Amino acid sequence: MKMRKKIIAGNWKMNKTAEDSKELAQAIKLDLANVNEVDVVVCPTFTSLDTVSNVIGDTNIKLGAQNMHWEAEGAYTGEISASMLRNLYCHYVILGHSERREYFGETDEIVNKKAKAAIAAGLIPIVCVGETLEERESNTQEAVVSAQLKGSLAGLGASLAKVVVAYEPVWAIGTGLTASPEQAQEMHAFIRKTLAEISDQATADGIRIQYGGSMKPENAAELLSQPDIDGGLIGGAALKAPSFVALVKAAIEA
Ligand code: PGA
């Protein structure tokens, strides 16, 4: 089996002023500046990107944004482009998070346009997929996730290899409920199979698939030791340095 480097990303969501973000970034940096067994990413709000970028500097901690627009520039009031993110030394951008899909009407088509623009600008997209509780209860989770993957990742060609996929069951986000390691592994294997259908087996074997949804230090080791779970996209537990650091350490040991 191909070795995939695990990737732990903190999604700070709409939390923390620039000043608070600076503090958190400094605390994380104390412990994680030189980690290289695992890729470490922090994704603050747009208003904190510059500050956090300056704190992490050229340590091994990488910067990510939580969203972007697909156009390069122009009359799109309130939006931010991929090149603006690159200009602040962002390496990653989260796309199609379920909160963006649910509250801001993001469709697979929009996520796809953003993914293409991100890659063209040199950003690595973290593309989120995942079913709702209703969809899981009606046993349609595979059909839902398959459609999200095929729509969001359409037409990327060889660039698909650069993408990170995050499986985030909506019912587990911020709820304290976590998919069991078996449930998560089953879906991750299904995602990899679907990625192989979109591209080829070698490409699919190289793509990192993160789990997200109430991942915390207490449940991380078991999740991260599953064969197809290659990291985590962390919300709540990424807002405090000790738990984020513990998650990165769990990924190193997994
Ligand atoms: P959570 O959020 O860890 O707070 O459940 C995960 C996410 O939405 O990325």
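For the structure, see preceding data.
Attention in this report is confined to the structure presented alongside it. Keep in mind that this is a model prediction, so the values were computed, not measured.

### A closer look at the site of the ligand
And then number 1: Around the ligand, a shell composed of 13 residues is seen, among which K13, H97, E168, G174 and S214 lie nearest.
And then number 2: Here an oxygen atom of the ligand sits 2.7 Å away from a polar atom, N or O, in the side chain of E168.
And then number 3: S214 places a polar main-chain atom, nitrogen or oxygen, 2.7 Å from an oxygen atom of the ligand.

### A look at the nonpolar core
And then number 1: With 67 residues, the main nonpolar core has V165 and I191 as its most contacted residues.
And then number 2: Not counting residues within four places of it along the chain, the set of residues in contact with V165 comprises V127, V129, L149, L153, I191, L195, I207, R208, I209 and Q210.
And then number 3: Membership of the second largest hydrophobic core comes to 11 residues, among which are I7, C43, V164 and A166.

### Observations regarding helix α11 (residues 241–253)
And then number 1: When the terminal C-alpha atoms of α11 are compared, their 18 Å separation across 13 residues agrees well with the 18 Å that a helix rising 1.5 Å per residue should span.
And then number 2: Buried within α11 are the following residues: A241, S243, F244, V245, L247, V248, A250 and A251.
And then number 3: Of the surrounding elements, those touching the buried residues of α11 are β1 (7–11), α1 (18–32), β2 (39–43), α10 (217–224) and β8 (231–234).

### Observations concerning unusual backbone geometry
And then number 1: You will see that K13, though not glycine, has its phi angle at about 50 degrees, which is positive.
And then number 2: Counting through the fold element by element, K13 comes out in the loop between β1 and α1.
And then number 3: In the Ramachandran plot, N139 falls in the positive-phi region, its phi being about 60 degrees despite a non-glycine side chain.
And then number 4: With respect to the element layout, N139 can be found in the loop between α6 (133–137) and α7 (141–152).

The rules behind each value
- Residues numbered from 1 in each chain as written.
- Predicted model: local features only at pLDDT ≥ 70, side-chain atom pairs only at ≥ 80, totals over all residues.
- Heavy atoms only, no water.
- Near = heavy atom within 4 Å.
- Polar contact = N/O pair within 3.5 Å; in protein donor to acceptor, adjacent residues only side chain to side chain.
- Core = buried A, V, L, I, M, F, W, Y, C linked by side-chain atoms within 4.5 Å.
- Buried < 20%, exposed > 50% of the residue type's maximum accessible area, 1.4 Å probe, protein only.
- Contact = heavy atoms within 4.5 Å.
- Helix = DSSP H or I, 4+ residues; strand = E, 2+ residues; numbered from the N terminus.
- Expected span 1.5 Å × (residues − 1).

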